[in-house]
Amino acid sequence: MARTPFIAGNWKMNTTKAEAVALATAIAAGTKGPAEVGIAPPFVYLDAVSAAVKGSAVKVGAQDVYFEKSGAFTGEISVAMLKDVGVSFVLTGHSERRHVLMEKPELVGKKAAAVLDAGLILVHCVGEKLEERDNGTTFAVCQAQLDELPATIADPAKLVIAYEPVWAIGTGRTATDAQAQEVHAYIRGALAKKYGKDFADAVRIQYGGSMKPDNAAGLLGQTDVDGGLIGGAALKAESFLGIVNAAK
Ligand code: 13P
C-alpha cells in the first residue's frame, strides 16, 4: 500500500532560540515534494518554532511528554501544553530517554497512551543495542518495546514507529539497507499480529540512525521504510532537505 513518507528532525538538546527559528524558517521555505516533514525542537523553543513555520506544511513535534494531565509534577510538560503551542507529533521511547535518562517500559507506555488519547501523532521509537544485535535478540527487543503500545489504537495515521538501532545513532555507522528492511518488515508483522493487517499496512515506519543525504535514497527505497527520524543531519537545513528530497 502507498504510504506517504514522513521525514522528521529530532533536534535533541541543540540550538539556541535564534538558531532554532532560523533552521525552522529555512526548512519551511525549502520543503517541497511528496514527503510529510516534521521538526522536533527543544521544549523551550516550541512556541517560537511553531510561529516560524505557521502557514507551511511543516509539522512541529515534541521530543518527550509527561503522561499526567496537570498537577504537581515539577519540570514536566503535558500533552495539553504541547497542543497549546502547536505540536502535532510526540516522540516516545527514544533510546536516549531509555538508556541515558533511564526511562522504564511502563513509563514509556503511559506516555505513548497519553499522546494517542490526546489525538496527537505518536512516534514510538524502538531499537536494539549493539550487544543485543550481536546476541541475536534484535527482534525480541523491538517486540518488547512495541508491546508498550496500547492494545487498541483507533487510527493507524496516528501511529508512527521509528526503528533506531542504538549502535547507529550518532555514530556515523548506518544500518545497511537490508538490515533496516529486515527489522522494518519484522515490525510491520508484529503490528499486523496486534492490530490487524490493514492497520499495519497503513502505519509509517521510520528508520533512524546516521541517516544522511547520501544514504537516504537507499534506505527510503526499501519496501517497509516509510521515512526517517534524523538527528545530526537535521541540524542543517541543507542536509535535512537533502533527505526530505530523497523521499519519493
Ligand atoms: P543521528 O541521525 O544523529 O544518528 O540520530 C538519530 C536519532 O536518534 C534521531 O532520533
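Residues numbered from 1 in each chain as written. Predicted model: local features only at pLDDT ≥ 70, side-chain atom pairs only at ≥ 80, totals over all residues. Heavy atoms only, no water.

Student: Describe the overall build of the protein, listing the residues and the values that go with them.
Tutor: Helix and strand counts for the protein come out as eleven helices and eight strands. Against the compact-globule benchmark of 18 Å for 248 residues, the protein has a radius of gyration of 17 Å, which places it among compact chains. C-alpha extents for the protein along the principal axes are approximately 45 × 45 × 35 Å. Among the 248 residues that make up the protein, the fraction classed as buried is 52%. Across the protein, every contact between residues at least 6 apart in sequence was considered, and the portion connecting residues at least 24 apart equals 72%. (Helix = DSSP H or I, 4+ residues; strand = E, 2+ residues; numbered from the N terminus. Rg over C-alpha atoms; globule rule 2.2 N^0.38 Å. Buried < 20%, exposed > 50% of the residue type's maximum accessible area, 1.4 Å probe, protein only. Contact = heavy atoms within 4.5 Å.)

Student: If you had to explain the pattern of salt bridges to someone new, which residues and values would you point to?
Tutor: Under the counting rule described, the total for this entry stands at 15 salt bridges. Between Arg98 and Glu148 there is a salt bridge whose closest N-O contact spans 2.8 Å. One end of the pair, Arg98, is in helix 4 (residues 95–99); the other, Glu148, is in the loop between helix 7 (138–146) and strand 6 (159–163), and 50 residues separate them in sequence. Under the relative-accessibility criterion, Arg98 is labelled buried at 9%. Here Glu148 falls in the buried class, since its relative accessible area comes to 10%. Lys111 is the salt-bridge partner of Glu103, the closest N and O atoms lying 2.6 Å from each other. Each member of the pair, Glu103 as well as Lys111, is classed as buried. Linked through salt bridges whose partners overlap, the residues forming this network are Arg3, Arg188, Asp224 and Asp226. (Salt bridge = Lys/Arg side-chain N within 4 Å of Asp/Glu carboxyl O.)

Student: Outline the site of the ligand, supporting the account with residue identities and numerical values.
Tutor: Around the ligand sit 13 residues, and of these Lys12, His94, Gly170, Ser210 and Gly232 come closest. In this structure, Glu164 approaches the ligand through a side-chain N or O atom, which is 2.9 Å from an oxygen atom. Ser210 places a polar main-chain atom, nitrogen or oxygen, 2.7 Å from an oxygen atom of the ligand. In the complex, the protein chains occlude 96% of the 310 Å² of accessible area that the ligand would expose alone. Grouping the constituent residues of the shell around the ligand by class yields four nonpolar, seven polar and two charged. (Near = heavy atom within 4 Å. Polar contact = N/O pair within 3.5 Å; in protein donor to acceptor, adjacent residues only side chain to side chain. Areas by Shrake-Rupley, 256 points an atom, 1.4 Å probe, with all protein chains shown as cover. Nonpolar A, V, L, I, M, F, W, Y, C, P; charged D, E, K, R; others polar.)

Student: Got a sec to walk through unusual backbone geometry? Specific residues and values, please.
Tutor: The phi angle of most residues is negative, glycine excepted, and most peptide bonds adopt the trans form. Although it is not a glycine, Lys12 adopts a positive phi angle of roughly 55 degrees. In the Ramachandran plot, Ser210 falls in the positive-phi region, its phi being about 55 degrees despite a non-glycine side chain. Tracing the backbone shows Ser210 in the loop between strand 7 (204–208) and helix 10 (213–220).

Student: So what's going on with the environment of Glu148? Which residues, and what values?
Tutor: For the pair Glu148 and Gly109, spaced 39 residues apart in sequence, the C-alpha to C-alpha distance is 4.6 Å. In this view, Glu148 contacts Arg98, Pro105, Val108, Gly109 and His124; residues no more than four positions away in its chain are not counted. Within the structure, Glu148 has its side chain in polar contact with the side chain of Arg98 (distance 2.8 Å).

Student: I'd love a proper account of the packing of aromatic side chains, names of residues and values included.
Tutor: In this structure the tally under the stated criterion is six aromatic pairs. Aromatic side chains Phe6 and Phe89 sit 5.4 Å apart centroid to centroid with 85 degrees between the ring planes, which places their arrangement in the edge-to-face category. In this pair, Phe6 is assigned in strand 1 (residues 6–10) and Phe89 in strand 4 (residues 87–92), connecting sequence segments 83 residues apart. With respect to burial, Phe6 and Phe89 carry one shared label: buried. Feature note: the residues Tyr66, Phe67 and Phe73 constitute an aromatic cluster, connected by ring pairs. (Phe/Tyr/Trp six-rings, centres within 6.5 Å; stacked < 30°, edge-to-face > 60°.)

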